[in-house]
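# Geometric and topological summary
Chain by chain, the residues run as shown.
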Amino acid sequence: MLETLGSLTSSPWIYAVVALSVLFDIVLPVLPSGVLVITAATAAAAAGTASTATAGAGAGSVPHAVPDILILLLCAATASVLGDLAVYRLAWRGGERLDRAIARSRRLTTAQERLGTALSRGGGALVVLARFAPAGRSIVSLAAGAAHRKVREFLPWSALAGVAWAGYSVALGYFGGQWLGATWLATGVSLLALFAAGAGAAFLVRRPRTATAAAGAAAATGAAGAAAAN
């Protein structure tokens, strides 16, 4: 796998590529940021194994492995937060035109309402869950900015979401590479786990809305029945 990818995964440029991909995938969700993070982490596992083997063979000083797993995690998490804040600020300054666009989108309107409720209660776990869901990061950042939520309400949860997503993705690639080797199989299994987390997050993000709608319908039905009985 590493030979096919060329020298990128063993070059310091991998940090810039990963950071830029994570930074811009909030506006271009087609960018393979998760794939890059996992692939780079798999390469880090291979590099670490090779360095250990070289040290064990007594080959003298061992060069610092690239990519380094901690630097990779830091780049991915920082880029995630910066991307969130950029979209948040753009949405904050979007004005009436953006407000009309959000009003026409049921998905954005619902996200804005739920996010406002969650943040006001100190329960910004919705921001963390949305980071794993497809396009969830974009929707939540837009909704937070358009609703003029305070930075101190949004930023800590965005940072937690970035660290959680980056840590999970890096861990998948790294431990997959440790257990299965630096192969396409390791990358594929890690990506399946990442997509599974995304599907689970999307389900959990939608579930409260469904439950609330069901509860509302049940209450309406009960009220109608009581009125009919009277």
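Residues numbered from 1 in each chain as written. Predicted model: local features only at pLDDT ≥ 70, side-chain atom pairs only at ≥ 80, totals over all residues. Heavy atoms only, no water.

## Concerning the packing of aromatic side chains
Taken as a whole and judged by the stated rule, the model has 5 aromatic pairs. Aromatic side chains Tyr 88 and Trp 92 sit 5.8 Å apart centroid to centroid with 55 degrees between the ring planes, which places their arrangement in the tilted category. Placement of both Tyr 88 and Trp 92 in helix H4 (residues 69–92) is noted, with a separation of 4 residues, approximately one turn of the helix. Exposure remark for Tyr 88: the relative accessible area of 1% places this residue in the buried category. Relative accessible area serves as the criterion here: at 29%, Trp 92 is assigned to the partly exposed category. Members of the aromatic cluster, joined through ring pairs, are Tyr 88, Trp 92 and Phe 154. Positioned over the ring face of Trp 92 is Arg 89, at 5.5 Å from the centre of the ring. Over the ring of Trp 165 we find Arg 131; its NZ or CZ atom is 4.0 Å from the centre of that ring. (Phe/Tyr/Trp six-rings, centres within 6.5 Å; stacked < 30°, edge-to-face > 60°. Helix = DSSP H or I, 4+ residues; strand = E, 2+ residues; numbered from the N terminus. Buried < 20%, exposed > 50% of the residue type's maximum accessible area, 1.4 Å probe, protein only. Lys NZ or Arg CZ within 6 Å of the ring centre and 35° of its normal.)

## Let's talk about the confidence of the model for the protein chain
Considering every residue of the protein chain, the mean pLDDT works out to 74; 63% of them sit at 70 or more. Highest mean pLDDT in the protein chain belongs to H4 (93); lowest belongs to helix H1 (residues 2–5) (48). Predicted confidence for residues 209–230 stays below pLDDT 50, and this span has 2 contacts to residues more than four positions away or in other chains. (pLDDT = per-residue confidence, 0-100. Contact = heavy atoms within 4.5 Å.)

## Topic: the layout of surface pockets
Approximately 440 Å³ is the volume attributed to the largest pocket. Residue lining of the largest pocket: 21 residues in total, with Asp 25, Ser 33, Phe 132, Ala 133 and Pro 134 positioned closest to the centre. Of all the secondary-structure elements, those providing two or more residues to the lining of the largest pocket are helix H3 (33–56), helix H7 (125–132), helix H8 (136–146) and helix H10 (184–229). Among the elements that line the lining of the largest pocket, the one with the most residues is H10, at 4 residues. Its residues placed into classes, the lining of the largest pocket shows 13 nonpolar, 5 polar and 3 charged. (1 Å grid on protein atoms, 1.4 Å probe; cavity = no way out; pocket = protein on both sides within 12 Å on 5 of 7 lines; lining within 4 Å. Points joined across faces, edges and corners; volume = space filled by probe spheres on them. Nonpolar A, V, L, I, M, F, W, Y, C, P; charged D, E, K, R; others polar.)

## Let's talk about the environment of Leu 73
Structurally, Leu 73 can be placed in helix H4. For Leu 73, a relative accessible area of 26% puts it in the partly exposed group. Along the chain, Leu 73 and Ala 19 lie 54 residues apart, while their C-alpha atoms are 9.8 Å from each other. Contact partners of Leu 73, with chain neighbours within four places excluded, come to Ala 166, Gly 167 and Val 170.

## What to know about the packing of H7 against helix H9 (residues 151–180)
Axis separation between H7 and H9 bottoms out at 8 Å; the angle between their running directions is 35 degrees. Remark: the crossing between H7 and H9 carries right-handed chirality. Contacts from Ala 125, Val 127, Val 128, Arg 131 and Phe 132 in H7 reach Phe 154, Trp 157, Ser 158, Leu 160, Ala 161, Ala 164, Trp 165 and Tyr 168 in H9. Tallied by class, the residues present in the contact of H7 with H9 amount to 11 nonpolar, 1 polar and 1 charged. (Axes fitted to C-alpha atoms, helices over the stretch in contact; angles between N-to-C directions. Left-handed = near helix turned anticlockwise from the far one by under 90°.)

## Brief notes about H9
Taking 1.5 Å per residue, 30 residues should reach 44 Å; H9 reaches 42 Å between its end C-alpha atoms and fits that length. Of all the positions in H9, only Phe 154, Ser 158, Ala 161, Gly 162, Trp 165, Ala 166, Ser 169, Val 170, Leu 172, Gly 173, Gly 176 and Gly 177 are classed as buried. Just past H9, the residue Gly 181 takes up positive phi, approximately 85 degrees. (Expected span 1.5 Å × (residues − 1).)

## Overview of the environment of Ala 193
Take Ala 193: it is sitting in helix H10. Sequence-wise, Ala 193 and Gly 173 are 20 residues apart; in three dimensions their C-alpha atoms are separated by 10.0 Å. Leaving out residues up to four positions away in the same chain, Ala 193 has contacts with Tyr 168 and Leu 172.

## Overview of the environment of Ala 86
Note on placement: Ala 86 falls in helix H4. Residue class for Ala 86 comes out partly exposed when judged on its relative accessible area of 40%. Residues Ala 86 and Ile 26 lie 60 residues apart in sequence; the distance between their C-alpha atoms is 9.5 Å.

## Observations regarding the side chain of Arg 149
Turning to its location among the elements, Arg 149 is positioned in the loop between H8 and H9. Relative accessible area serves as the criterion here: at 18%, Arg 149 is assigned to the buried category. Within the structure, Arg 149 has its side chain in polar contact with the side chain of Glu 153 (distance 3.2 Å). (Polar contact = N/O pair within 3.5 Å; in protein donor to acceptor, adjacent residues only side chain to side chain.)

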